[in-house]
Amino acid sequence: MSSKDGKKYYYGGWKLTAVLAVLAVLASLILLNPFGIGVEIPDEEVKIAVLLPLSGDYETEGKVYLAGIETAQKELEKRGISYELVKYDTGGDPMEASRALFDVYDSGIPVVIGPLTSDEVISVSSYAEVLGIVVLSPGATSQRLESYNDYTYKLKPTDKYLARGFATLFEEKFEITASLAENIQNIVVVYDSSLCELTMFQSYYEAVEEAKNESEVIRKMDISTHPFNDTDDAAAYLLETKPDCVILFINNQNTSLELMKKTEAAGLNPFWLGEESLLLSDMSSLGNQVSNKVIVLAPLMKLTNPLYSFEAVETGEVPRSAPIQYGYDAMMVINDAVQSNGYSAEGVKKGLDYLRTVGLTGTIAFDESKTRYPGYDILVWRGGDAGWENQ
């Protein structure tokens, strides 16, 4: 056999035949076993338990995440990999989530996608470690979850990571968004006392206290306690203190939007800095006065690229929002773990521990506490047709 350089190379016919035979065997194994060579194939369809709030206060969020999971399931079916999703409605109740986990154990299912809220995940995590069930939450972010570092994985970085990001952004005086404020001196941090927002606020406040200059004043306000009984009281406090910047750690985006509307309508036009819940708010209802003055620091979600085309979104079944991408990635991440290490709790754990992949929500890898390494977008509301713009 001659090469382009004119030299001749010889391959024994029996060797070539042997190589081709090995390749043929490998190809047949891959076709027969989509879960990878050397990985045990379940006799029946692989089951994945899904624990989400499909009713109650978090119903909308739960159905958005579920739509992402089901979209990934359908995509995998097209590749010849079939999963049965066994769904449990937690109603957002930690006790109900724990009861569902015991049902999962009785069913012999080794892996769960969910629950959604931090309180639910904290409730099930100690049981998951005793029962040997892998839990992958697509939405929980509480710093307290870092102590559950054996069977509980968090697809979103914890509040501590996000708080550090806020502190860094504050320390740099918004230099990353050069067209914005240069001299932020008077800051009010507004938070509510839900577990998620409170832990995030505490981590943030400690970091900012270390980073701020002596001339900078930071006030804090718990919007869920007296004397701030409603957004009218909170807006009145902002008008009295006249901050250059208001930082929002409020779980309910409607409350944030209402506070912004009342403050802006009274003539105060500060910069607003918040986390990803603001992305679900109707900023266009505030008019042009907040254009270029609302900044969101959120886990990396590739919002500057066109969102993946989800059928449930296109048909209007669920709203177009970033959490649907986390549901999609959760299913794909579990599939990667099952394919590489088999359908067992220990196999899935090993697969997730060594996972390095890129999903719709960015790069995915877990640290020693089973928490996703952070990556963040800084987004500015530009108003009009421009909407949110990545910096």
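Within any chain, residue numbers begin from 1 and follow the written order of that chain's sequence. Two thresholds apply to this predicted model, a pLDDT of at least 70 for residue-level local features and 80 or more for giving and counting side-chain atom pairs, whereas whole-chain, interface and lining totals are computed over all residues. Only hydrogens and water are set aside; all other atoms, that is, all heavy atoms of the structure, feed into the side-chain values.

Q: Account for the overall build of the chain, with residues named and values stated.
A: Across its full length, the chain holds eleven helices and 14 strands. With 391 residues in all, the chain has 52% of them scored as buried. Contacts in the chain between residues at least 24 apart in sequence constitute 66% of all its contacts with a sequence separation of at least 6. Summed over all atoms, the accessible surface of the chain reaches about 18100 Å², with 50% contributed by carbon and sulfur. Only DSSP runs of H or I covering at least 4 residues are called helices, and only runs of E covering at least 2 are called strands; the numbering of each starts at the N terminus. Burial classification: accessible surface area is computed with a 1.4 Å probe over protein chains only, and a residue below 20% of its type maximum counts as buried, one above 50% as exposed, and the rest as partly exposed. Contact between two residues is taken to exist if any of their heavy atoms lie within 4.5 Å; hydrogens are not considered. Using a 1.4 Å probe, accessible areas were evaluated by the Shrake-Rupley method; residue-level cover was limited to the displayed protein chains.

Q: Run through the pattern of salt bridges, naming residues and quoting values.
A: Salt bridge, as used here, is a side-chain nitrogen of Lys or Arg placed within 4 Å of a carboxyl oxygen of Asp or Glu. Taken as a whole and assessed by the stated rule, the structure comprises eight salt bridges. Glu59 is the salt-bridge partner of Lys63, the closest N and O atoms lying 2.7 Å from each other. With Lys63 and Glu59 both in helix H2 (residues 59-78) and four residues apart, this pair spans about one turn of that helix. Its relative accessible area of 38% is what places Lys63 among the partly exposed residues.

Q: Describe helix H7 (residues 231-241), naming the residues involved and giving the relevant values.
A: Looking at H7, one finds that the buried residues are Thr231, Ala234, Ala235, Tyr237, Leu238 and Thr241. For H7, the arc enclosing every buried residue in end-on projection is 155°, short of the 170-degree limit, so these residues lie on one face. Summarising the contacts, the buried residues of H7 are in contact with strand E6 (186-191), strand E7 (217-222), strand E8 (245-249), helix H8 (253-265) and strand E9 (271-274). Throughout, the arc means the angular range of directions from the helix axis out to the C-beta atoms.

Q: Provide a residue-level description of the sheet that holds strand E2 (residues 83-89), including the pertinent values.
A: In space, the five strands of this open sheet follow the order E2-E1-E3-E4-E5, with parallel pairing throughout. Since the sheet does not close on itself, it has two edges, and those belong to E2 and strand E5 (152-154), each with one partner. Going from strand to strand, the sheet's axes swing by 25° on average, the running direction of each strand aside. We call two strands paired when DSSP finds no fewer than two bridges between them. All axes here are fitted lines through C-alpha atoms, helices being fitted over the stretch that makes contact, and every angle between N-to-C directions spans 0 to 180 degrees.

Q: Please provide a residue-by-residue account of the side chain of Thr90, values included.
A: Here Thr90 shows up in the loop between E2 and helix H3 (94-107). Judged by relative accessible area, which is 2%, Thr90 ranks as buried.

Q: Can you tell me about the confidence of the model for the chain, naming the residues and giving the values?
A: When pLDDT is averaged along the chain, the result is 78; 72% of the residues meet or exceed 70. Confidence scores differ between elements of the chain, with helix H1 (residues 13-32) showing the lowest mean pLDDT of 44 and strand E3 (residues 111-113) the highest of 98. Values of pLDDT, the confidence the predictor places in each residue, fall between 0 and 100. Note that residues 1-23 has pLDDT below 50 and, in this model, seven contacts with residues that lie over four places away or in other chains. Contacts from residues 173-181, a stretch scored under 50 in pLDDT, to residues over four places away or in other chains number 23 contacts.

Q: An account of the nonpolar core is needed here, citing residue identities and associated values.
A: The nonpolar side chains of a soluble globular protein tend to be buried, and buried together. Residue types Ala, Val, Leu, Ile, Met, Phe, Trp, Tyr and Cys, when buried and joined through side-chain atoms within 4.5 Å, form a set referred to as a nonpolar core. Of all hydrophobic cores here, the largest spans 39 residues; its most connected members are Ile48, Met331, Ile334, Leu352 and Phe366. If you list the elements that add at least two residues to this core, you get strand E1 (46-52), H2, E2, E3, strand E4 (134-137), helix H10 (323-341) and helix H11 (345-353). The leading source of residues in this core is H10, at ten residues. Leaving out residues up to four positions away in the same chain, Phe366 has contacts with Leu136, Tyr153, Lys154, Leu155, Val333, Leu352, Leu355, Thr371, Arg372 and Tyr373. In terms of nonpolar packing, the next biggest core, distinct from the first, is built from 28 residues, Val188, Ala234, Ile250 and Leu268 among them.

Q: Outline the pairing of E9, listing residues and values.
A: Taking every second residue as pointing to the same face, both faces of E9 are buried, with Phe271 and Leu273 on one and Trp272 and Gly274 on the other. The pairing of E8 with E9 spans four bridges and is parallel. When the bridges of E9 are listed, Leu248 appears paired with Gly274. With its strands directed away from the observer, a crossover is right-handed exactly when the path from the first strand over the helix to the second travels clockwise. What joins E8 to E9 is H8, and the crossover it makes is right-handed.

Q: Which residues make up the environment of Glu84, and what values do they have?
A: By the secondary structure assignment, Glu84 is in strand E2. Owing to a relative accessible area of 32%, Glu84 belongs among the partly exposed residues under this scheme. Along the backbone, Glu84 and Ala49 are 35 residues apart, and their C-alpha atoms lie at a distance of 8.4 Å. Once residues lying within four places of it in the same chain are set aside, the contact partners of Glu84 are Glu45, Val46, Lys47, Ile48 and Gln73.

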